[in-house]
Amino acid sequence: MDNQNLKGQSAIVTGADSGIGKGVALALAQAGAKLLVNYFHNLQAANEVVSQIIDEGGEAIAYQADVSKEHDVQRMFAHHLDVFGSMDILVNNAGLQKDAKFVDMSLDDWNTVIGTNLTGQFLCSREAAKIFIQQGIRKGISKAAGKIICMSSVHEVIPWAGHVNYAASKGGISLFMKSIAQELAPQKIRVVGIGPGAIQTPINRDAWESPEALTKLLTLIPYNRIGQPEDIGKLAAWLASDEADYITGTTIFADGGMTLYPGFADNG
Ligand code: BGC
């Protein structure tokens, strides 16, 4: 985005040290927002994102927190307010996969994925909503009192064998996002989901690293290319801006057509 339509705003992006989160943090900063770049364990990667933002003329800090831990989340939001004085945008991005056949899936792998992907979105959104309600609309900054973007996946609608913890977390995000959107709309808080398809990041390296894997993956993508973090970053920056002021309670899929059931193109 070339325009600065997030100027004067500040954002927390969780899991912003790599992959889609990094793409989103960079895009929000390019649109003028000040960033808290949250990371779980890779300080060096988070610092590189911060340096890139600062080099491009933006403002950013790195901050460690495990989004599945209530205390960590509360201390992260308090720190954001200490540093930036207000808050306008939350991007619930932190997420992970711990794949296993259903009958072999351990309770630990189930709980870890639900804890980060779903409970993490609950904990962060609750803190953000409290701030947005207390703050109200900041005139001249944004038409909304706050914006919450929930990173989901095509797997909020596409079942995924061998990944049931992940698919359950994303299906959960869909109704979590819609329910809080319904509850918070009267307070002028917008809540939207983004459903990425296959984006070229570390989480799905196995699916694109070899030419054979990539060819197989592309049979699921009618638009015939793997997505890039910027595809999602630009969408997030637009959804957070006033240009999307009438959008709340829905997931926008950015997936090159993966949700179009390409297997039916010449079948059924
Ligand atoms: C997953 C990726 C996968 C993509 C499409 C994403 O939500 O994290 O591993 O490639 O969905 O299936």
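Check the entry above for the structure.
The model shown is predicted, which means the values in this text are computed figures rather than measured ones.

J.: Let's hear about the overall build of the protein: which residues, and what values?
T.: Within the protein, the regular secondary structure consists of eight helices and seven strands. Computed over the C-alpha atoms, the radius of gyration of the protein is 18 Å, within 12% of the 18 Å expected from 2.2 N^0.38 for a compact globule of 268 residues. With the principal axes as the frame, the protein shows a C-alpha extent of 55 × 40 × 40 Å. Within the protein, the proportion of its 268 residues that are buried is 50%. A fraction of 73% describes how many contacts in the protein between residues 6 or more apart in sequence connect residues 24 or more apart. Carbon and sulfur atoms form 54% of the exposed surface of the protein, whose accessible area is close to 12700 Å². Considering the protein, the positive charge centre built from 21 side chains and the negative charge centre built from 28 side chains are found 6 Å apart.

J.: Got a sec to walk through the nonpolar core? Specific residues and values, please.
T.: Counting 36 residues, the largest nonpolar core has V24, L28, L35 and V37 as the members making the most contacts within it. Of all the secondary-structure elements, those providing two or more residues to this core are β1 (10-13), α1 (19-30), β2 (34-39), α2 (43-55), β4 (89-92), β5 (146-151), β6 (189-196) and α8 (229-240). When residues of this core are assigned to their parent elements, the largest contribution, seven residues, is made by α1. Apart from residues no more than four positions distant in its own chain, V37 is found in contact with V13, A16, D17, A46, V49, V50, I53, A60, I61, A62 and Y63. Counting 29 residues, the second-largest nonpolar core is a separate cluster that includes V67, A145, M177 and I189.

J.: Please give an account of the site of the ligand that cites residues and values.
T.: With respect to spatial proximity, the complete set of residues near the ligand consists of Q97, S153, H155, W160, Y166, G197, A198, I203, N204 and M258. Between an oxygen atom of the ligand and a side-chain N or O atom of S153, the distance comes to 2.7 Å. In the model, an oxygen atom of the ligand is placed 2.5 Å from a nitrogen or oxygen of the Y166 side chain. Across the complex, the protein chains shield 90% of the 310 Å² of accessible surface that the ligand would expose by itself. Among the residues making up the shell around the ligand, the classes are represented as five nonpolar, five polar and no charged.

J.: Give me the pattern of salt bridges: which residues, what numbers.
T.: For the coordinates displayed, the defined rule picks out nine salt bridges. With a closest N to O distance of 3.2 Å, K69 and D66 form a salt bridge. In this structure D66 comes out as buried when scored by relative accessible area, which is 13%. R138 is the salt-bridge partner of D88, the closest N and O atoms lying 3.1 Å from each other. Of the two residues, D88 is situated in the loop between α3 (70-84) and β4 and R138 in the loop between α4 (107-135) and β5; the sequence distance between them amounts to 50 residues. On the basis of relative accessible area, D88 is assigned to the buried category, the value being 5%. The class for R138 is partly exposed, based on a relative accessible area of 22%. Several salt bridges share partner residues, and in doing so they unite E70, R126, E127 and K130 into one network.

Thresholds applied
- Residues numbered from 1 in each chain as written.
- Predicted model: local features only at pLDDT ≥ 70, side-chain atom pairs only at ≥ 80, totals over all residues.
- Heavy atoms only, no water.
- Helix = DSSP H or I, 4+ residues; strand = E, 2+ residues; numbered from the N terminus.
- Rg over C-alpha atoms; globule rule 2.2 N^0.38 Å.
- Buried < 20%, exposed > 50% of the residue type's maximum accessible area, 1.4 Å probe, protein only.
- Contact = heavy atoms within 4.5 Å.
- Areas by Shrake-Rupley, 256 points an atom, 1.4 Å probe, with all protein chains shown as cover.
- Lys, Arg positive; Asp, Glu negative; His and termini not counted.
- Charge placed at Lys NZ, Arg CZ, Asp CG, Glu CD.
- Core = buried A, V, L, I, M, F, W, Y, C linked by side-chain atoms within 4.5 Å.
- Near = heavy atom within 4 Å.
- Polar contact = N/O pair within 3.5 Å; in protein donor to acceptor, adjacent residues only side chain to side chain.
- Nonpolar A, V, L, I, M, F, W, Y, C, P; charged D, E, K, R; others polar.
- Salt bridge = Lys/Arg side-chain N within 4 Å of Asp/Glu carboxyl O.

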